[in-house]
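Overview (structure and organization)
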Amino acid sequence: MRLGIDFGTTRTVAAAAENGNYPICTFSWKGEQKEYIPSLVAAKDDSIFFGWEAAEMLNDPGVHVLRSVKRLSQQLNPEAIVEISPDFHIPLLDLLTLFLRHVMQMLKRNGNLLFRKGARVEVMVATPANAGSNQRYLTLEAFRRAGFAVMGAMNEPSASAVEFAHRYLSNLGPKSPKKYMVVYDLGGGTFDTSAVALAGRNFEVIGHEGIGRLGGDDFDEMILDMALEALGRSRDGLTPSDEARLLEECRERKEGLKANTRKMVVDPGPGTWEGNPVVIETRELYARCDDLVRQSIEKLEEVISTLRTLSVDMDDPRSLAAIYLVGGSVSFPPVARKIREAYGSKVKVSPFPHAATAIGLAIAADPEARISMRESISRHFGVWREQEQGKDKVFDSIFIKDRQVDADTGIMEATRTYRPAHNIGHFRYMECSSVGSLGEPVGDIAFRKETFFPYDPFLSDRKDLSRIPVESRPDLLSQEVTETYSYEPDGRIRVAIENRTAGYRKVFDLGLGTRN
């Protein structure tokens with residue numbers, strides 16, 4: 001069985017590769033058919049619950065609720081402890097693994113797909129294009145630990161581009177002229193936009209922008225703030241679980257909005273406060289959300305500018321296939337409206353905005369589809385280095401954003417060779433969405449694992465170099481050191497640091513935790 005699974009902030013969606021068809025998996029739950037699993041976690045006493053079971057417990061006052069668990073992987077390392085309730089703590093990687101085991105159980109016990117006993121469940125998975133190496137590792141490792149056989153990984157907007165081409169451009173052949181498209185992907189927790197070139201079944205990502213924390217969750221927060229204002233309340237009196245329950249109520253009401261809806265009703269529900277449901281004017285809500293939508297459109301325009309530099313005729317549908325809107329939050333009325341105001345008939349909304357990524361992943365998982373995707377690096381990655389004998393520090397961009405990986409292997413490598421002037425190398429790695437005019441990291445910055453390497457051969461066997469002071473050692477200029485960096489197909493970064501003179505090397509997997 002081959003699947004595409006989109007582990008989303010709000011929903012987890014699966015699609016199957018079945019004889020050239022790619023149906024969305026449905027789940028039978030309490031007599032109803034569901035097309036997704038809520039990405040929800042609930043804890044009661046010493047037990048933990050997921051998905052629809054957790055959703056049914058939202059109004060139980062004895063239950064502690066955690067929503068949008070995917071967003072935690074943007075901020076925390078794998079061993080970070082997540083507090084679901086005062087009595088229930090769990091490392092983040094273990095939590096994600098348990099959730100995905102639940103997804104596996106739902107697929108086999110409640111899903112509409114037929115699984116042969118003992119058969120491997122092979123999956124293509126996705127991460128936000130703007131995800132750092134830490135989030136990519138957490139996602140892939142949790143899928144593996146949950147029992148899935150991971151075939152590969154794609155960026156979410158890239159998978160949606162595959163779904164678009166399958167749905168609308170199936171007549172493209174090897175000799176068809178190259179087409180371009182732009183994916184606008186606004187999900188529950190992140191925003192990504194990518195420019196993709198299509199030639200036959202070959203896809204090439206040529207530009208990307210994104211905002212790590214912009215999505216439907218932020219619209220939910222706006223709605224909650226408006227409801228609290230109407231009630232004369234503040235968040236100070238809310239427990240984390242109460243806040244999660246109210247945000248779920250806001251999300252459900254938001255997802256019921258239509259283009260002509262004038263008012264929405266938010267019901268705080270039992271157990272939070274006494275009082276009547278709150279009526280919110282959608283005009284005021286949309287005005288408050290305007291800045292968030294504007295930020296996403298600014299990033300979209302940056303990606304479209306990349307196409308203009310390639311002389312793509314933005315007004316010729318034979319060249320620009322579409323600006324394709326995917327992700328559950330594009331159903332929020334002001335989003336599609338404002339993008340259409342800016343780009344008119346070029347805009348096409350996916351008929352399955354929540355499932356486009358999963359369907360694209362399922363297509364990519366099908367060997368008969370013969371999909372080839374050449375990704376580009378979506379964030380700058382580098383390290384601070386000293387210059388002029390420590391008088392100055394500069395940021396060395398090892399991997400540069402939008403550089404394309406090797407078309408055959410999906411890998412990119414970079415090498416640095418030098419002679420050290422200290423006893424120990426202390427490497428402070430980081431990723432960023434942009435670099436400034438002087439090459440400094442700016443924008444969305446994420447620090448990665450600090451790494452220590454013994455330049456002094458007498459320290460080569462020492463295990464904890466962090467306890468040893470870094471000292472100037474001009475005598476070590478006789479040693480030649482090489483750093484070889486590898487950007488892997490799954491988005492993780494590894495470095496092999498070798499003292500070539502003394503003949504020893506160490507390999508580090510960057511981004512996992514806080515220290516090597």
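The structure contained in this document is the topic of the report that follows. Each chain has its residues counted from 1, following the order in which its sequence is written. Reporting of local features is limited, given that this is a predicted model, to residues whose pLDDT is at least 70; pairs of side-chain atoms are given and counted only at 80 or more, and all residues count toward the totals for whole chains, interfaces and linings. Computation of side-chain values: all heavy atoms of the structure, hydrogens and water removed.

Another point: unusual backbone geometry. The backbone of Lys-30 shows a phi angle near 55 degrees, a positive value even though the residue is not glycine. Helix and strand labels come from DSSP, where a helix needs a run of H or I of at least four residues and a strand needs a run of E of at least two; each type is numbered from the N terminus. Tracing the chain through its elements places Lys-30 in the loop between strand S3 (27-29) and strand S4 (32-34). In the Ramachandran plot, Asp-45 falls in the positive-phi region, its phi being about 55 degrees despite a non-glycine side chain. Positionally, Asp-45 belongs in the loop between strand S6 (40-44) and strand S7 (47-50). Categorising residues by exposure relies on relative accessible area from a 1.4 Å probe, with only protein chains included: less than 20% of the type maximum marks a residue as buried, more than 50% marks it as exposed, and the intermediate range marks it as partly exposed. According to the relative accessible area criterion, Asp-45 is exposed, its value standing at 61%.

Further remarks concern the packing of helix H6 (residues 216-231) against helix H8 (residues 282-309). What counts as an axis is a line fitted to C-alpha atoms, over the stretch in contact for a helix, and the angles between N-to-C directions run from 0 to 180 degrees. Remark: H6 packs on H8, axes separated minimally by 10 Å, with the N-to-C direction vectors making an angle of 145 degrees. In this structure, H6 meets H8 at a crossing whose hand is right-handed. Facing H6, whose interface residues are Asp-218, Phe-219, Met-222, Ile-223, Met-226 and Glu-229, H8 presents Glu-284, Leu-285, Arg-288, Cys-289, Leu-292 and Val-293. For any pair of crossing helices, the crossing counts as left-handed if the nearer helix is rotated counterclockwise from the farther one by less than a right angle, and right-handed if it is rotated clockwise. It only takes one pair of heavy atoms within 4.5 Å for two residues to be counted as in contact.

This brings us to the sheet that holds strand S29 (residues 493-499). Strand order in the open sheet formed by four strands is S23-S28-S29-S30, with antiparallel pairing between adjacent strands. Lying at the two open borders of the sheet, with one neighbouring strand each, are strand S23 (412-418) and strand S30 (504-510). Along the sheet, successive strands turn relative to each other by an average axial angle of 15 degrees, direction set aside. The criterion for strand pairing is that DSSP finds at least two bridges linking the strands in question. Bridge analysis of S29 against S30 gives seven bridges, and the strand direction is antiparallel. Paired with Arg-494 across the bridge in S30 is Asp-509.

Time to look at helix H10 (residues 356-365). Most of H10 sits inside the fold, with nine of its 10 residues counted as buried. The complete set of buried residues in H10 reads Ala-356, Thr-357, Ala-358, Ile-359, Gly-360, Leu-361, Ala-362, Ile-363 and Ala-365.

So, about the nonpolar core. Ranked by internal contacts, the top residues of the largest apolar core, which has 75 residues, are Ile-84, Leu-95, Leu-107 and Phe-148. For this core, the leading source of residues is helix H3 (residues 92-109), giving 10 residues. If you look at the next biggest cluster of nonpolar residues, it comprises 47 residues, including Tyr-286, Cys-289, Leu-325 and Tyr-343. Here, nonpolar core refers to any group of buried Ala, Val, Leu, Ile, Met, Phe, Trp, Tyr and Cys residues whose side-chain atoms link them within 4.5 Å.

Another aspect to go through is the pattern of salt bridges. Between Lys or Arg on one side and Asp or Glu on the other, a salt bridge is scored when a side-chain nitrogen of the former is within 4 Å of a carboxyl oxygen of the latter. Within this structure, the stated rule accounts for 48 salt bridges. Arg-294 is paired through a salt bridge with Asp-291; the nearest N and O atoms lie 2.1 Å apart. Within this pair, Arg-294 and its partner Asp-291 are both found in helix H8, separated by three residues, close to a single helical turn. Arg-385 is the partner of Asp-396 in a salt bridge, and the nearest nitrogen-oxygen pair spans 2.8 Å. Of the two residues, Asp-396 sits in strand S22 (residues 392-399) while Arg-385 sits in strand S21 (residues 380-387), which places them 11 residues apart along the sequence. Taken together, the salt bridges that share partners define one network made up of Arg-11, Arg-67, Arg-71, Asp-217, Asp-218, Asp-220, Glu-248, Arg-251, Lys-254 and Glu-255.

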